Structure formats: structure tokens, C-alpha cells
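# Structural overview for review
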Amino acid sequence: METIKIEHVQVKEYYGKTLNSSQDLKTNACCTDDNIPRYIKNALSDVHDEVMARYYGCGLIAPEHLKGMRILDLGSGSGRDCYVLSRLVGENGYVVGVDMTKEQLDIANKYVKYHTEKYGYSKPNIEFKHGYIERLDELGFDDNSFDIIISNCVINLSPDKESVLREAYRVLKPGGEIYFSDVYADRRVPAALVKNPLLYGECLSGAFYWNDFQNLAKKMGFLDPRLVEDRPLTIDNEEVQTLLGNIRFFSATYRLFKLPALENACEDYGQAVIYKGTIQHHEDILKLDKHHFIEAGKVFLVCGNTYRMLHETRFAPHFEFIGNWDKHYGIFEDCGTALPFNDNQDISQNTNSGCC
Ligand SMILES: C[S@@+](CC[C@H](N)C(=O)[O-])C[C@H]1O[C@@H](n2cnc3c(N)ncnc32)[C@H](O)[C@@H]1O
């Protein structure tokens, strides 16, 4: 068994002992925007207060079409996202949370019965496991055993991000996806800052440089990472900001499909799809990612990769598919190599977003 890394020890200390609630955070990195759809707000209103108080996520984990799905949450903390998903997958779905910090796990476990009764289920459709997200094999998770993996502000804290993505790929079913929010930097963070336990614990200095993330994701088999949404982080702590200098940080949600036939670029085969408007809570529009807002009933041109993301996944019954692979028409569009995030932050100003 691999030895426990210093970062694991520090992060357990931070989330198990230093922090007692989100009010104790020193920056706004582990905070979520208020822009939450109503059906998620409704599900959140049924989550126990103690679980909510120990939430430290940075994004909204709400992939579409969850009924009956088997979902794994990497770094589930006190269980907020797991309990929301437990409701959205329904009694026939199943949610497993993994976390290495006992104190967080204890709170998650304490309210399994409470939520099972609240949702009117005859038995729990959720469980929490104590372990490391780099070593899912030690928890007995089989290959191809989950439809969806989620994670909220956790992978930045891992000292071995390659193993996390490798294991995620292994346990996902073909056509499954990892849909996760995390913190990213606009450049590689210097080693001296990575060693600072406060900056690391606050989900800043362990953050991926976005292009290193995209390259690693591709190397691990997630060939076409799709950015769903992003926002700049403003830090809101002068001392921390001084240490970080001009490094810009973003909270971003990516979805990575396990589809081995995806290509390196968006290639044009003259294909299109029509969304039937049949996914609950997304009847008018399906937002596959930041660049694909697919309106119901309208012919929507797609590249080969997007076609596969809809045709070879749980979304297939909700689309009509036009075209085939017989003829190639060249590149679909310029995928771009610039910073992918919207950066409306003036780096000379430290403005408040006040999301906490
Ligand atoms: C910022 S908190 C986010 C928790 C939860 N996702 C939420 O939204 O509230 C990070 C969590 O990830 C867990 N964690 C960090 N690195 C981990 C690892 N390598 N293996 C398992 N859990 C980890 C920590 O214990 C902590 O509970």
C-alpha cells in the first residue's frame, strides 16, 4: 500500500479539526455561487442543517438526467451533494461518498436514516466510505461500476491527481462521465506556495494549472474535456492575496466522458441532433457545456465528439440523430488554446464577491 502523503495529513487536519463550518474559511475559494436552479434549491432545503454547515464545495454539481443512476462522490465531506443526489436519483438509484477525514464522514453517516425517512424511501440508497480517492481499488470498487462520478472542490487537494483521474476512468462505465467542480490557476503555482498548509487547505495552491489539467485528463483517457461553467475567484483576504501575487484562480466545472472513440479535435461529419425536450428539469434546453446550449425541437449541428457524447451515453433516448460517419468535412471549429475561463476580474483590484 502506498504511504500516506504529508498533504493528506495536513488536509485531514484542516477539514477535520481546524474548520468547524464554512464560516471558518479564510478565503472564498470553497464557496458556491447563489445561481442555483429551483429544483436543486428544493432538494437542498431538505438537507440537514449540520450537513449544510460543513459544506466546503466550490461549484454546483448538478448533471442532468439522474434517475436510477449509480453515482460516486470523490471527497464527499459532510455529504451535502450526496444527499441532494440521493433525492434526485430516486429510490432505485444509488450514491456512494468517499472521504478520508473521519470527522466529516461521521457527520455524513449520522444523517443517513434522517434523509432516508425524509425522502420516504423504504431503505437507504446512499453510503459513505472512509478512504482515499487515489486508491478506489482499496475500497473494492469494480471496473465499470458507476454511471456518474462527481466531486466538489477536492481534486485540487490531492497530491496525486494522476491516480485520481486514472481510478475515476477505471470505475466509470463506458459512456459514463465525471462531472466535477474544482479550483484552477491560470499558471503553475510555485512550489513554495504549494507547501503552505493554509493556501493548500483553502483549495488554492494545490490547484491545477488549467492546461496541465486538460493534458492530464486526455492522457488518462478523457479525450475531450468539456468546460460547463466557470467564474473567477476573488480570494477576499489581503494577506493571502499578497502571498499569491498575480496568480488568478477560477472555480470551474468540467465534464469528462469515458468514450474511447472520441477524437483529439472537433471533427465535422455533417451530423446534427434534435433534442426531444424529455429530460426532467431541462425541458426547454439541455446545456451540455459552455458552448452547447441545445434547444428542444431545433436541428442543432454537432461535431463527431458531441454526437458521441449524446449518442453513446444516458442522453441517447432524448435525442433524434441525423447523419453518420461516412463523410468527413474537415475541422468543425477552432477549439482554441487560450485561457478557457471568463476573466472579468481586474487583477489590480481585490473586489468582493461575497459568496459565503
Ligand atoms: C473542500 S472539502 C469539500 C467537501 C465536499 N465535497 C463539499 O462540497 O462539502 C474537501 C474534502 O475532500 C476530502 N479529501 C481531500 N483529499 C482527499 C483524498 N485524497 N481522499 C479522500 N478525501 C479527500 C477532505 O477530507 C474534505 O472533506
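Okay, so let's go over this structure. What you see is a predicted model; the values in this text were computed from it and never measured.

### Brief notes about the site of the ligand
Taken together, 24 residues surround the ligand, and among them Tyr-56, Gly-75, Asp-99, Thr-101 and Glu-134 come closest. Between Gly-75 and the ligand, the recorded distance is 2.7 Å, taken from a backbone N or O atom to a nitrogen atom. At 2.5 Å, a side-chain N or O of Thr-101 approaches an oxygen atom of the ligand. Compared with its free state, where it exposes 590 Å², the ligand has 100% of that area covered by protein. When each cavity is represented as a set of grid points, the ligand is found to reside in the largest cavity. At 3 residues, the largest contribution of residues to the shell around the ligand is made by helix α1 (residues 6-18). Here the residues of the shell around the ligand are counted per class, giving 12 nonpolar, 9 polar and 3 charged.

### Quick notes on the side chain of His-282
Its place among the elements puts His-282 in the loop between β9 (271-275) and β10 (285-289). Ignoring sequence-local partners within four residues, the contact set of His-282 consists of Tyr-39, Glu-64 and Tyr-275.

### Remarks on the pattern of salt bridges
Inspection of every chain in the model, using the stated rule, returns 22 salt bridges. When the shortest N-O distance is used, the salt bridge between Lys-17 and Glu-103 registers 3.1 Å. A residue pair is termed long-range when its members are at least 10 positions apart, and Lys-17 in helix α1 and Glu-103 in helix α5 (residues 102-110) qualify at 86 residues. For Lys-17, a relative accessible area of 52% gives the class exposed. A salt bridge links Glu-162 to Lys-219; the shortest N-O distance between them is 3.5 Å. Here Glu-162 is found in helix α7 (residues 161-171), whereas its partner Lys-219 is found in helix α10 (residues 210-219), with 57 residues between them in sequence. Several salt bridges share partner residues, and in doing so they unite Glu-64, Glu-177, Arg-255 and Arg-314 into one network.

### Regarding the pairing of strand β2 (residues 94-99)
Among the 6 residues of β2, 5 are classified as buried, and the element is accordingly described as predominantly covered. Pairing of strand β1 (residues 70-74) with β2 involves 5 bridges; the strand directions are parallel. Counterpart to Ile-71 in the pairing with β2 is Val-95. For the crossover from β1 across helix α4 (residues 80-89) to β2, the handedness is right-handed. Sheet topology note: the β2/strand β3 (residues 126-130) ladder contains 5 bridges and is parallel. Counterpart to Val-96 in the pairing with β3 is Glu-127.

### Topic: empty space enclosed by the protein
Across all of its chains, the model carries 3 cavities of 30 Å³ or more by this definition. The volume enclosed by the largest cavity comes to roughly 390 Å³. In terms of residue count, α1 provides more of the lining of the largest cavity than any other element does, 3 residues in total. Partitioning the lining of the largest cavity into residue classes produces 11 nonpolar, 12 polar and 6 charged.

### Concerning the packing of aromatic side chains
Summed over the entire model, instances satisfying the criterion amount to 20 aromatic pairs. Arranged with centres 6.1 Å apart and planes meeting at 85°, the rings of Tyr-111 and Tyr-114 form a pair that is edge-to-face. Among the aromatic residues, ring-to-ring pairing joins Phe-180, Tyr-184, Phe-208, Phe-213, Phe-250, Tyr-254 and Phe-341 into one connected group. When the ring centre of Phe-208 is taken as reference, the NZ or CZ atom of Lys-161 above it lies at 5.8 Å. Over the ring of Trp-325 we find Arg-308, and its NZ or CZ is 4.0 Å from the ring centre.

Reading the values: the criteria
- Residues numbered from 1 in each chain as written.
- Predicted model: local features only at pLDDT ≥ 70, side-chain atom pairs only at ≥ 80, totals over all residues.
- Heavy atoms only, no water.
- Near = heavy atom within 4 Å.
- Polar contact = N/O pair within 3.5 Å; in protein donor to acceptor, adjacent residues only side chain to side chain.
- Areas by Shrake-Rupley, 256 points an atom, 1.4 Å probe, with all protein chains shown as cover.
- 1 Å grid on protein atoms, 1.4 Å probe; cavity = no way out; pocket = protein on both sides within 12 Å on 5 of 7 lines; lining within 4 Å.
- Sits in = over half its atoms within 2 Å of the grid points.
- Helix = DSSP H or I, 4+ residues; strand = E, 2+ residues; numbered from the N terminus.
- Nonpolar A, V, L, I, M, F, W, Y, C, P; charged D, E, K, R; others polar.
- Contact = heavy atoms within 4.5 Å.
- Salt bridge = Lys/Arg side-chain N within 4 Å of Asp/Glu carboxyl O.
- Buried < 20%, exposed > 50% of the residue type's maximum accessible area, 1.4 Å probe, protein only.
- Pairing = 2+ DSSP bridges.
- Right-handed = clockwise from strand over helix to strand, strands pointing away.
- Points joined across faces, edges and corners; volume = space filled by probe spheres on them.
- Phe/Tyr/Trp six-rings, centres within 6.5 Å; stacked < 30°, edge-to-face > 60°.
- Lys NZ or Arg CZ within 6 Å of the ring centre and 35° of its normal.

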